[in-house]
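Here is how the chains run, residue by residue.
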Amino acid sequence: MERIGFLKTSEAVGIAILAALILIVLPLGLDIFRLNLAGKYLTYAFVAIGLVLCWGHGGILSLGQGMFFGLGGYAMAMFLKLEASSPEATKIQSTPGIPDFMDWNQLTELPWFWQPFHSLTLSLVAVVLVPTAFAFLIGTAMFKRRVGGVYFAIITQAIAAILTILIVGQQGYTGGINGITDLRTLKGWDIRTDEAKYVLYFVNAGLLLAAVAAAYFVRQSKLGRILVAMRDKEDRVRFSGYNVANFKTFVFCLAAALSAIGGAMFTLQVGFMSPSFVGIVPSIEMVIYTAVGGRLSILGAVYGTLLVNWAKTSFSESFPELWLLGLGGLFIAVVLAFPNGLAGIYADTIAPRLSRLLRRARPALGGTVPAGAPAE
Amino acid sequence: MHTIARDAAAPDFLLSVEGLTVSFDGFKAVNDLSFYVDKNEIRVIIGPNGAGKTTVLDLICGRTKATAGSIRFRDIELTRLSENRIVEAGVGRKFQTPSIYEDLTVFENLEISFPRGRSVFGALAFRRDAAVSERIEEIAEMIFLKDHLAERAAFLSHGQKQWLEIGMLLIQDPELLMLDEPVAGMSVAERRKTAELLHKIIVGRSVIVIEHDMKFVEDIAHRVTVLHQGKVLSEGSMERVKNDPKVVEVYLGH
Ligand SMILES: Nc1ncnc2c1ncn2[C@@H]1O[C@H](COP(=O)(O)OP(=O)(O)OP(=O)(O)O)[C@@H](O)[C@H]1O
Ligand SMILES: [Mg+2]
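First, a word on what this report is: a plain description of the structure on this page. Please read all numbers here as calculations on a predicted model, not as lab measurements.

## Focus on the overall build of chain A
- Helix and strand counts for chain A come out as 15 helices and 4 strands.
- Against the 2.2 N^0.38 benchmark of 21 Å for 376 residues, chain A shows a C-alpha radius of gyration of 22 Å, consistent with a compact globule.
- Each principal axis of the C-alpha atoms in chain A carries an extent, and together these give about 75 × 50 × 40 Å.
- Relative to its 376 residues, chain A shows a buried fraction of 52%.
- Carbon and sulfur atoms make up 69% of the accessible area of chain A, which totals about 16600 Å².
- Both charge centroids of chain A, one from 28 positive and one from 20 negative side chains, sit 14 Å from each other.

Put into structure tokens, the structure is as follows:
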């Protein structure tokens, strides 16, 4: 099989098609309101891609990815909130210059952990670093003690719940249940205008494609195969000389970092961040996006995310109370009937026909797989 | 006779197990066990089911932590090391049931065991260069799987899976290779090939084999250790062990 850089030709084609869809088709086909919505969905795809590596390949199911999405989103929101809370803009408050919700909660000075978020650079560093460090702590604590499987899933869920409770409870420091709202400008650039929304959409799309490429890079590396090997036979990997805990921690951190970038882009495009993106429900929804797309497929995860969210939006407009049921049903259906999700359906039905077609068109292409080519 | 003579002159041994004990909730699966393995020796451990054979391997490779006793490999005390350090020290271990990565190809299975790029970032940067491919092909030839390199390991026969796991260990190039029932479930022809394989791989390393098949044991063993209730019941050449009345009573007599 031919390769383009570290990608197989078929993978490069897949990425190109996705790029065409999100960089050309969607922007041309959708008005800015819908495009902004699509951009929002695509921020969840960062989480789904992380889950493909962590859960699909590594077998580590996290039911708490919302915390990393949220932490990334909050880091971004804190910067934007501080910029929106200049002394002039907040001069009617009893303490001007601090975010409005702090003032409402009788805070008279900016808490110490808010201070770094005056700087955009530090904030961007925090977007990635804080969630990743948090994942590192959880990962080291759990994986070194050989906590895995269902126990790990439950613990991540519990941590996500605790984080939500903390955010909601510490209203004066976090904005509480409402989250951090009323975000306006980024270094003076108004992010609420249509033009800004276009720009942010494209930035997000570009970052997502980079995340896809990074995920492919990890997957084609030996590390990617070690993940699969760990999922299959953890002990065999351990007794082949690998420190299994380190590999698990790495992929968990990577998934967290990707989620965090998605969260920050969410804040920028949607204009707020709240605890409703941190807790158990959003975390599980993101697992469902991944399952629907196919938990082994990086591109499938992106399409799964788009599809489920599109369905959610259309469906919950007409039958809001039925949506959660529908989502649960969808998950069960996927797990039972299509364990490899959309990607599996594609691989079973469309791909063979496509390659037959291609082979007929260009007989030279129909080569055999060389020794040592990956199984997938 | 061996044990007495050798206690004084330990430095020759590749592996010295002394006073090894492990207790699971008070039950001593291995009880004050001592034995020594020479360089370039094939040692076979036999014994009835539940004698503690697998547990001994678990202790040596770090899967189970010893309650008491010591395991010295060359000059290294293994009881204090983590599993991956024990592998790095030069100990390889095959599990009782074939333990391979079914979702990966035979080539990839072997590649993961190639002793390079074992850290997280080492694995990310690992390149499949000529040295890797050559070594994998060489080993694949040895374990009779040269024509199956691109195949998914799940599709191999039971015997082939056993060989693949042996191959994964060979590629690690351990000084001490431990095999838990490598011919269990194999056909007669496969057993013969496996014996041939073991004779080939012994060069430059020691092997501990757990086996029930006496025919196979006779074929490969330099010396035999008989375990019973976590203790050494008898030890020595196959000839000697076979004629030991204690061994006949608890094991071979059945
Ligand atoms: N982790 C464990 N916890 C509790 N008991 C254990 C554990 N591992 C082994 N045992 C017990 O220790 C004893 C020795 O088991 P082991 O697997 O070492 O036997 P074996 O000699 O390999 O037998 P076989 O020939 O059936 O493979 C058995 O009674 C087993 O039930
Ligand atoms: Mg056993």
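## A few points about the coordination of the magnesium ion (ligand 2)
Residues and elements named next belong to chain B.
- Only T54 (OG1) and Q96 (OE1) from the protein coordinate the magnesium ion (ligand 2), and they sit 1.9 to 2.4 Å from it. With T54 in helix α2 (residues 53–60) and Q96 in the loop between β6 (91–94) and α4 (106–113), this pair connects stretches of sequence that are 42 residues apart.
- Accessibility expressed as a relative area gives 25% for T54, which makes it partly exposed.

## Examining the packing of helix α13 (residues 298–318) of chain A against helix α14 (residues 323–337) of chain A
Residues and elements named next belong to chain A.
- Relative to each other, α13 and α14 sit at 150 degrees, their axes nearing to 10 Å. Taken together, the axes of α13 and α14 lie roughly antiparallel to each other. For the crossing formed where α13 meets α14, the hand is right-handed. Residues V308, A311, K312, F315 and S316 of α13 pack against W323, L327 and L330 of α14.
- Here the contact of α13 with α14 is composed, by residue class, of 6 nonpolar, 1 polar and 1 charged.

## As for unusual backbone geometry
- In this model, N40 of chain B sits at a positive phi of 60 degrees, which is unusual for a non-glycine residue.
- Of the residues examined, N40 of chain B reaches a relative accessible area of 43% and is grouped as partly exposed.

## Structural notes on the sheet that holds strand β5 (residues 76–77) of chain B
Residues and elements named next belong to chain B.
- Pairing in this open sheet of 4 strands is antiparallel, and the strands run β2-β1-β4-β5 from one edge to the other. Of all strands in the sheet, those bounded by a partner on one side alone are β2 (27–38) and β5.
- Where strand β4 (residues 68–73) and β5 come together, 2 bridges link them in antiparallel fashion. Within the sheet, the bridge partner assigned to F73 lies in β5 and is I76.
- Here α2 sits on the sheet and contacts β1 (13–24), β2 and β4; the angle it forms with β2, its principal contact strand, is near 70 degrees.

## Some thoughts on the pairing of strand β9 (residues 223–228) of chain B
Residues and elements named next belong to chain B.
- Summarising burial for β9: 5 of the 6 residues are buried, a large majority.
- Pairing analysis gives 4 bridges linking strand β3 (residues 42–46) to β9, with the strands arranged parallel. Within β9, the residue paired with I46 across the bridge is V226.
- Of the strand pairs in this sheet, β9 and strand β10 (residues 231–236) are connected by 5 bridges, and their pairing is antiparallel. Paired with V226 across the bridge in β10 is S234.

## Focus on the environment of H199 of chain B
Residue and element names in this part refer to chain B.
- You can see H199 is positioned in helix α8 (residues 188–201).
- Along the primary structure H199 and A221 are separated by 22 residues, whereas in three dimensions their C-alpha atoms are 9.9 Å apart.
- Not counting residues up to four positions away in its chain, the partners in contact with H199 are D219 and I220.

## A closer look at the packing of aromatic side chains
- Applying the stated criterion across every chain yields a total of 24 aromatic pairs over all chains.
- Ring centres of F68 of chain A and F252 of chain A lie 5.5 Å apart, and the angle between their planes is 80 degrees; on these two criteria the pair is classed as edge-to-face. Of the two residues, F68 of chain A is situated in helix α3 (residues 65–84) and F252 of chain A in helix α11 (residues 244–270); the sequence distance between them amounts to 184 residues.
- On the numbers, 4.8 Å between centres and 35 degrees between planes, the contact of F13 of chain B with Y36 of chain B is tilted. Remark: Y36 of chain B occurs in strand β2 and F13 of chain B occurs in strand β1; sequence separation between them is 23 residues. Assigned by exposure class, F13 of chain B and Y36 of chain B land together as buried.
- Taking the ring centre of W55 of chain A as reference, the NZ or CZ of R295 of chain A above it sits at 5.0 Å.
- Over the face of the ring belonging to F144 of chain B we find K193 of chain B, whose NZ or CZ atom lies 4.6 Å from the ring centre.

## Considerations on the side chain of Q162 of chain B
- Mapped onto the elements, Q162 of chain B comes out in helix α7 (residues 158–172).
- For Q162 of chain B, a relative accessible area of 1% puts it in the buried group.

## Considering the pairing of β4 of chain B
- Here β1 of chain B pairs with β4 of chain B via 5 bridges, running antiparallel. Within β4 of chain B, the position partnered with V17 of chain B by the bridge is I71 of chain B.

## Re α14 of chain A
All names here are of chain A.
- Spanning 15 residues, α14 covers 20 Å between terminal C-alpha atoms, matching the ideal 21 Å at 1.5 Å per step.
- Taken together, the buried positions of α14 are occupied by W323, L327 and V334. Each buried residue of α14 sits inside an arc of 45 degrees when the element is viewed along its axis, so together they form one side. Turned more than 90 degrees from where α14 packs its buried face, L325, I332 and L336 sit exposed.

## Notes on the nonpolar core
- Judged by nonpolar contacts, the single largest core of 167 residues is most densely connected at L110 and L164 of chain B.
- For this core, the element with the highest residue contribution is helix α2 (residues 32–57) of chain A, accounting for 17 residues.
- L110 of chain B has contacts with I136, I139, A140, I143, L149, L164, G167, M168 and I171 of chain B, leaving out every residue within four places of it along the chain.
- Within the second largest apolar cluster, 30 residues are counted, among which are F35, A51, V56 and I86 of chain B.

## Notes on the packing of helix α12 (residues 280–293) of chain A against α14 of chain A
Residues and elements named next belong to chain A.
- Running from amino to carboxyl end, α12 crosses α14 at an angle of 40 degrees, the nearest separation of the two axes being 10 Å. Judged by the inter-axis angle, α12 sits oblique to α14. Crossing handedness for the pair α12 and α14: left-handed. Where α12 approaches α14, its residues E285, I288, A291 and V292 are matched on the opposing element by L327, L330, F331 and V334.
- Among the residues forming the contact of α12 with α14, the class breakdown is 7 nonpolar, no polar and 1 charged.

## Focus: the site of ligand 1
Residues and elements named next belong to chain B.
- Taken together, 14 residues lie near ligand 1, and N49, G50, K53, T54 and T55 sit nearest.
- Between K53 and ligand 1, the recorded distance is 2.8 Å, taken from a side-chain N or O atom to an oxygen atom.
- The separation between an oxygen atom of ligand 1 and a polar side-chain atom of H212 is 3.1 Å.
- In the complex, 61% of the free accessible area of ligand 1, which totals 640 Å², lies under the protein chains.
- Top contributing element to the shell around ligand 1 by residue count: α2, with 3 residues.
- Each residue belonging to the shell around ligand 1 can be placed in one class, and the counts come to 5 nonpolar, 7 polar and 2 charged.

About the thresholds
- Residues numbered from 1 in each chain as written.
- Chains lettered and ligands numbered in written order.
- Predicted model: local features only at pLDDT ≥ 70, side-chain atom pairs only at ≥ 80, totals over all residues.
- Heavy atoms only, no water.
- Helix = DSSP H or I, 4+ residues; strand = E, 2+ residues; numbered from the N terminus.
- Rg over C-alpha atoms; globule rule 2.2 N^0.38 Å.
- Buried < 20%, exposed > 50% of the residue type's maximum accessible area, 1.4 Å probe, protein only.
- Areas by Shrake-Rupley, 256 points an atom, 1.4 Å probe, with all protein chains shown as cover.
- Lys, Arg positive; Asp, Glu negative; His and termini not counted.
- Charge placed at Lys NZ, Arg CZ, Asp CG, Glu CD.
- Donors = N, O, S within 2.8 Å, 3.2 Å for Na, K, Ca; no water.
- Axes fitted to C-alpha atoms, helices over the stretch in contact; angles between N-to-C directions.
- Parallel < 35°, antiparallel > 145°, perpendicular 65-115°, else oblique.
- Left-handed = near helix turned anticlockwise from the far one by under 90°.
- Contact = heavy atoms within 4.5 Å.
- Nonpolar A, V, L, I, M, F, W, Y, C, P; charged D, E, K, R; others polar.
- Pairing = 2+ DSSP bridges.
- Phe/Tyr/Trp six-rings, centres within 6.5 Å; stacked < 30°, edge-to-face > 60°.
- Lys NZ or Arg CZ within 6 Å of the ring centre and 35° of its normal.
- Expected span 1.5 Å × (residues − 1).
- Arc of directions from axis to C-beta.
- Core = buried A, V, L, I, M, F, W, Y, C linked by side-chain atoms within 4.5 Å.
- Near = heavy atom within 4 Å.
- Polar contact = N/O pair within 3.5 Å; in protein donor to acceptor, adjacent residues only side chain to side chain.

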